[in-house]
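Residue strings, one per chain:
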Amino acid sequence: MAHRSNNVNAAHDNALIDHFFLGIGHKVLVLSPSYPFVFIGEILGVADDIVEIFVETTHFPQLENRSWFIHIDNIEVFYIEREGAPKIPKLNDMC
Amino acid sequence: MLRKYHIVAIPIRIVVNTFGDHNPNGRIYVLKENEQKAKDLVKKNPFTPVDLIEPLTIRANEGDTVEILFENQLNFAAGMHFQEIDYNVLTSDGADAGFNPDTTVNPGEKIVYTLYATREGTCFFTDLGNVSSTEEGSSVQGLFGALLVQKRGSSWTDPITGRPLNSGLYADIHHPFLPSFREYAWFFNDEMEIKDLTGNNPLNPMTNQEAESFHGVNLRYEPATNRKRLIDEGVVCPDCDGEEVHHDSWVFGDPATPILRGYKGDPAIIRLIHAGVKETHVFHYHVHTWLSDPSNTQSEIVDAQSISPQSHYDVQPLYGLGSLQGAIGDAIIHCHLYPHFAAGMWGINRVFDTLQDGSQCYPNGEPIAALQPLPDRPEPPRPTLERPGFPNFIPGKVGLKAPRPPLGIVGGRDMTEMERNAAIPNARPGAVFVDPCMEDPAVVEFNVSAIEMPLVYNKQGWHDPKGRLYVFDEELDDVLSGKKEPEPLVFHVPAATCIRLNLTNRLPHVLDGDAFQLVTRAYEVGFHIHFVKFDVLVTDGANVGWNYDTSALPGETIQYEWYADTELKAFFLHDHLFANAHQQHGVFGAGVIQPRFSQFFDSRTGEEVDHGTQVTVSHPLIPDYRDLTLYVHDFALLFNKDGCPIQPPEYPGSDDDPGVFGVNYKCEPLQFRLGKDCDPAYSFSSYVHGDPVTPILRAYEGDSIRIRLLQGAHEESHSFNVHGLKWSQERKDLNSDTKAQQHIGISESFTFEMEVPYSGDYLWAFETEEDVWLGTWGLIRAYDELVDDLIVLPDRACLPPRSKPLPTKTGKPPIRANPQASLPPYAFPGTPVRKYDVVAFQTPIIYNSYGDHDPFGIVFALAEDVEDILSGKKNPEPLVLRGNVGDLVEVSLTSMLKKELFPYPDGIHPYPPVKEQAFYPPSLRISLHTNLLDYDVKTSSGETAGYNLDQTVGPGEVITYRWYVDQQYGTCAMWDMADLRNHRSFGTFGAFIAESRFTSYHDPYSLQPVKTGTNVVLKHPTLPDTREFVMIMHDGVRLEDKNGQLIIDPKDGVIPEVEELEVDTYDYGSRGFNYRTERLINRYRELPEMSKLFSSELFGDPATPIFEAYPGEPVTIRLTNPAERRRAHTFHLHGHAWKFDSKDLDSMVQSFVGHLVAGQTENLRLLGGAGSTYHFPGDYLYRSGNVRWDIELGMWGIFRVHDKLKPHLPRLED
């Protein structure tokens, strides 16, 4: 039982990693329970189970325009923007 | 570890400031080792404050056993009662409660108290041997202190010497692996006896009347009156007026009140303790913010916090001293209630940027005491001639007003060389010594003027001829010409915005005199802000300590800069120079920090805007919402249409509660909404009277809304209630309790986020009796179909076009609502139904065995109990209904009210009084309103408000309300809404308890199922059996004694008797729990020994409920205050504690509930069950924390934990 359960977890993680890998170069929105909670930017790469995102927007402007490395276990909600699918809203200060 | 303290209670003269004001009859606790030294010093310094004469502050660590040897040198029996700590109630309660042994001691005697420090935090202690509210009492005269329990393994040192410390208000706390921090104990106390240097009552030099009573900190106060005298005598600052320099150290030197010293960035905790007896204060700390519950990171961020007697909070400034921006300088800390602030209830947090080793001096030559750097933080730079550090780079002149800031005044001065050395590289107007706006954020700029103009409050012509307010410059012409209705200034900015504000002072130099006020040369005005980040030296909008005077003179413009680092609530802004003189005229406003990337629209036109009390907010990611700002304010100094002052004080300049109240500069008094039928049941009806002039917050059914609640002026507590809606107490926290009521004091700010489920008119009201009587109520109106002048939220589908016309005033009462026509929003067809038949009727209520009774009581009862109550077989108790989650509760209400059974046939209800008495005869209609439950507001809220149909019933009529129990709320308050003025003080209230699904309710003695009752056992298939006690704490009661004489409380209940008593309208009335009161005066007349008055051995048990349990049994207390006065109470249960938020495991633990006012609901799950952690049996007092005047007036009772099985009380099953 325990063995099967591990397989499921591994399959789940692998599927997520693959999904993010296929999203490299695309824009992504990630919600995380950890500070600073929200990330919007381009997926630059995936190393093991860590996703590198060039973050254009997060909760605090002081933490933007830099790469963030986010462990996939710390991603609660995500959306990868792909062609033909709804766009992640453009977020501008003082729009 | 065992710690021992030998503490002595001594009578002593307490000198409270350097002007020689003193309490000749002070009483304090002092360590035995300091006793003689303290007495000698006081003898040698009869007119100078002595450091040892302060509230005793001792320390221990979590897990310690603390042994207190208490010695009584007072001339009456006394003791020490500790809060928040475990102890054996039979040996260490410090009281003579119930059948416990007496643990107070007579003069000259000693006793040992043993305490178990289970948790970190503040353990306040005071005496319960003498609870007189007069100067004969103990607590009121200074007998209090605190045991501060630190994290296990902590040690503490003297901040000046660095040496270990045995007691003291201020300490540096160290821990092997946690950061060291500064600990400051801050004791508010009020109403203490004070004489001036000559031994007479202090006088106010402005009015030549007696000065405001003592309101101080740590047994010190620094009133404006003393400092004003020095100006009037030409000793200092001859061109000053008084209030604008009250806190100015350049003029007067530092105050006698606390100066909390630290270095920039130091971690700190202020142990905020209310040791006073009467008032609910608002603690405000400039520059800094903190979590309202320090143990819960999801709790609200606050920078002002109400605190009522015998309660306490930890104030742990986020980012340490100086906040995120690292501000240096003097941050004033004060009670925000202006009369208290002026009376001297303030101090300073001084944040240094250079090392203080004892060799430096302040600009006036006073030495700066050394301050040890915290050992785990870098040592600050040493001062040099070029860079002396704060305050010595500021070019002020001693004896004159603080200098104006560099750069900030338009047309003003540049920096001096010393200032330039201290400045940031890119110094600019409003940001000179610290940069609040980090990393080039977006910038917005506002231009605002302060002006004076008449403000009209209602259609009856109540007006303030000298209204003073902030107005956007672009709207000046429209506001002054009457094209635009004036309202409190509210602007909106997204988070992460740098705000630049230019304030121009267009006020007249002089605030003219009238029946309310004396002529005041209010020639300066500022723009003090809360919450945001700023440079306190140049942008505080105030004049504090050794800072600059950051205000604008007449005709002058000053520039401020602030940073909104994150989404905040509405942040309060107001003048800080002449606030006591003119803030109540309207000088207040707010900024709202909205989520980043928000846009704001005029809700009527859809045009983009950046200000307004009602806007629509749109956001790319989160749901759009309506944003609505409400300001309550008191001390509104209004005149009627004939030019007569409304509620003027006894003499101009008195702070004795002058004037009336408003909301956003409007009020809708109930006396003007009586109608042809003279029936108060329709006072809120727009059908009969049209809409009120107070704000109507408009939305569509299903909209999200956020209400920003603030208080703009001036001294009093208010209780905000919304009928039919509710919100999370901690907005960010998914585990939060749900509330429909909020206590508020001046400068506090709350955001309530909710959805409006159904169309209809939702009443909002500041719902204590006098508030609502004077017109502080209005509506939230939700439309079901489109209206022309309200845009649809951008992210919602368009609503159906209007198919029927909007209702209008008819002058006639609406038809009866039919609650059966709809289901509550969250109910579903087939929901199980629980039914109650309730009757409202008049019956005498016997309040105690001494014959105190209410011959005109009005009660709600189950139909099956009516006969027993009317025949005298049953003495009624407030009705408590229950339902489980998932129940649809149908309550059929019948009125049996009779006109002849009301006491005042002339239609004026004289006692307990309210301001502006007027003809308002009692209604024979009645209703039931509950808060929190789910219902259709158009049919089942219990009030006939706005354009809702009639939800009240007349004699012989029946209405069946439908309430759905959608959550396990526990306590829901319940009260009549047909006539708040004439019914509620006679008993028309109760509670609804929303229990978990599958719960059954049982009589505690027979364990048989019951339908109602204040004392039940809850049984549940999967939860432990639990005792549930419902405590309804109420005031404003009209009682007669056994001879039929009206009891005028508080005067008739004060011990010892007094000739005269200064009483505010909202303090009148008797009070107690559950229609019972044990007024101590009755016991005192039998046996005049103060320390014995809680004894059941001598007097038998009190009339108030005796709640019983066995050690360790689960106990939940359901506490509410449905009625009715504005004076806030504290609830305290001896020896027990509970989570502040009953739904949240992260919540802080406390043994009190603060600032209880009408509508409040609380659930207290006793940690460790009956007898607390150690399951100690005995009698535990439950009581108010207000020594003045609740305890004397009978607001106390007993929770009895039996050690042996009693035949009448079965044990709960494990």
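Because the structure is predicted, anything quoted here is derived from the model rather than measured.

## Brief notes about the overall build of chain B
Within chain B, the regular secondary structure consists of 15 helices and 68 strands. With the C-alpha coordinates aligned to their principal axes, the bounding extent of chain B is approximately 85 × 75 × 55 Å. Here chain B holds 1214 residues, and 62% of them are scored as buried. For chain B, the proportion of contacts with a sequence separation of at least 24, taken over those separated by at least 6, is 75%.

## Considerations on the overall build of chain A
In terms of helices and strands, chain A carries one helix and five strands. Overall, chain A shows an N-to-C arrangement of helices and strands of α-β-β-β-β-β. Along the first, second and third principal axes, the C-alpha set of chain A runs to 55 × 30 × 20 Å. Considering chain A as a whole, with its 95 residues, one finds that 15% of them fall into the buried category. Sequence-distant contacts in chain A: of pairs separated by 6 or more residues, those separated by 24 or more amount to 38%.

## Some words on the environment of Ile908 of chain B
Residue and element names in this part refer to chain B. Relative to the elements of secondary structure, Ile908 occurs in the loop between strand E51 (888-895) and strand E52 (929-930). Residue class for Ile908 comes out exposed when judged on the 11 C-beta atoms lying within 10 Å of it. In the structure, Ile908 is positioned 11 residues away from Phe919 in sequence and 5.0 Å away in space, judged by C-alpha atoms.

## Re the domain arrangement of chain B
Residue and element names in this part refer to chain B. Per the domain assignment, the segments of chain B are domain 1 (1-170), domain 2 (438-611), domain 3 (660-810) and domain 4 (833-1201). Here the C-alpha centre of domain 4 lies 26 Å away from the C-alpha centre of domain 3. Between domain 3 and domain 4, the contact holds 48 residues from the first and 48 residues from the second. Broken down by secondary-structure element, the contributors of at least two residues to the side of domain 3 that touches domain 4 are helix H10 (686-689), strand E39 (718-722), strand E42 (741-744), strand E44 (760-766), helix H11 (769-773) and strand E45 (777-783). It is H11 that provides the largest number of residues to the side of domain 3 that touches domain 4, a total of five residues. For the side of domain 3 that touches domain 4, a count of residues per class yields 19 nonpolar, 17 polar and 12 charged.

## Re the interface of chain A and chain B
Between chain A and chain B, the residue contacts involve nine residues of the former and 11 residues of the latter. Its residues placed into classes, the side of chain A that touches chain B shows six nonpolar, two polar and one charged.

## Here we look at helix H3 (residues 224-232) of chain B
All of the buried residues in H3 of chain B are Ala224, Thr225, Asn226, Arg227 and Lys228 of chain B. Looking one or two residues beyond H3 of chain B, the residue adopting positive phi is Gly234 of chain B, at roughly 75 degrees.

## A closer look at the pairing of strand E9 (residues 144-150) of chain B
All names here are of chain B. Across the seven residues of E9, seven count as buried, placing the element largely inside the fold. On E9, burial covers both faces: Phe144, Ala146, Leu148 and Gln150 on one face and Gly145, Leu147 and Val149 on the other are all buried. The pairing of strand E3 (residues 56-61) with E9 spans six bridges and is parallel. Bridged to Leu56 within E9 is Gly145.

## A look at the sheet that holds E3 of chain B
Residue and element names in this part refer to chain B. Strand order in the open sheet formed by four strands is E3-E9-E8-E5, and the pairing between neighbours is mixed. Strands with a single pairing partner mark the edges of an open sheet, and in this sheet they are E3 and strand E5 (81-82). Relative to E9, strand E8 (residues 121-126) runs antiparallel, the two being bridged by six bridges. Of the residues in E9, the one forming a bridge with Phe125 is Gly145.

## Points about unusual backbone geometry
Omega for the peptide link from Tyr35 of chain A to Pro36 of chain A comes to 0 degrees, which places this bond in the cis form. Here the residue pair Ala1123 of chain B and Glu1124 of chain B is connected by a cis peptide bond, since its omega of -15 degrees sits within 30 degrees of zero. With respect to the secondary-structure elements, Glu1124 of chain B resides in the loop between strand E61 (1115-1121) and strand E62 (1129-1133). In this structure, Phe597 of chain B takes a positive phi of about 80 degrees despite not being glycine. Judged by C-beta crowding, with 21 C-beta atoms within 10 Å, Phe597 of chain B ranks as buried.

## Comments concerning the sheet that holds E45 of chain B
Residue and element names in this part refer to chain B. Here five strands make up an open sheet; going across it, the order is E37-E45-E44-E39-E42 and the pairing mixed. Across the chains shown, the open sheet's two edge strands, defined by having one partner strand only, are strand E37 (696-700) and E42. Across this sheet, the average inter-strand angle for adjacent strands is 20 degrees, counted without regard to direction. Strand direction decides the pairing type here: E39 and E42, joined by four bridges, are antiparallel.

## Topic: the environment of Pro1021 of chain B
Position of Pro1021 of chain B among the secondary structure elements: in the loop between strand E57 (1015-1019) and strand E58 (1026-1037). Separated by 160 residues in the primary sequence, Pro1021 of chain B and Ala861 of chain B place their C-alpha atoms 29 Å from one another.

## Concerning the confidence of the model for chain B
If pLDDT is low for a region, its predicted coordinates should not be looked at in detail. Mean pLDDT over chain B: 97, with 100% of residues reaching 70 or higher. Predicted complex, confidence summary: ipTM 0.86, pTM 0.97.

## Overview of the environment of Gly545 of chain B
Residues and elements named next belong to chain B. With respect to the secondary-structure elements, Gly545 resides in the loop between helix H8 (536-539) and strand E30 (557-564). Residue class for Gly545 comes out buried when judged on the 27 C-beta atoms lying within 10 Å of it. With 451 residues separating them along the chain, Gly545 and Gly94 place their C-alpha atoms 41 Å apart. Contact partners of Gly545, with chain neighbours within four places excluded, come to His247, Ser249, Asp330, Ile348 and Arg350.

## As for the nonpolar core
Counting 335 residues, the largest nonpolar core has Leu147, Ala564 and Phe571 of chain B as its most contacted members. When residues no more than four places from it in sequence are discounted, the contact partners of Leu147 of chain B are Ile58, Ala60, Val66, Phe82, Cys123 and Phe125 of chain B. Phe20, Val28, Val30 and Ile53 of chain A belong to the second largest nonpolar core, which has 10 residues in total.

## Overview of the pairing of strand E7 (residues 110-116) of chain B
All names here are of chain B. Bridge analysis of strand E4 (residues 65-72) against E7 gives seven bridges, and the strand direction is antiparallel. Paired with Leu69 across the strands is Val112, a residue of E7. For strand E6 (residues 86-87) and E7, the ladder comprises two bridges, and the chain directions are antiparallel. Looking at the pairing, Tyr87 lines up with Leu115 of E7.

Reading guide: rules and limits
- Residues numbered from 1 in each chain as written.
- Chains lettered and ligands numbered in written order.
- Predicted model: local features only at pLDDT ≥ 70, side-chain atom pairs only at ≥ 80, totals over all residues.
- Helix = DSSP H or I, 4+ residues; strand = E, 2+ residues; numbered from the N terminus.
- Buried ≥ 20, exposed ≤ 12 C-beta atoms within 10 Å, placed from the backbone.
- Contact = placed C-beta atoms within 7 Å.
- Domains from an automatic or database assignment.
- Nonpolar A, V, L, I, M, F, W, Y, C, P; charged D, E, K, R; others polar.
- Pairing = 2+ DSSP bridges.
- Axes fitted to C-alpha atoms, helices over the stretch in contact; angles between N-to-C directions.
- pLDDT = per-residue confidence, 0-100.
- Core = buried A, V, L, I, M, F, W, Y, C linked by C-beta atoms within 7 Å.

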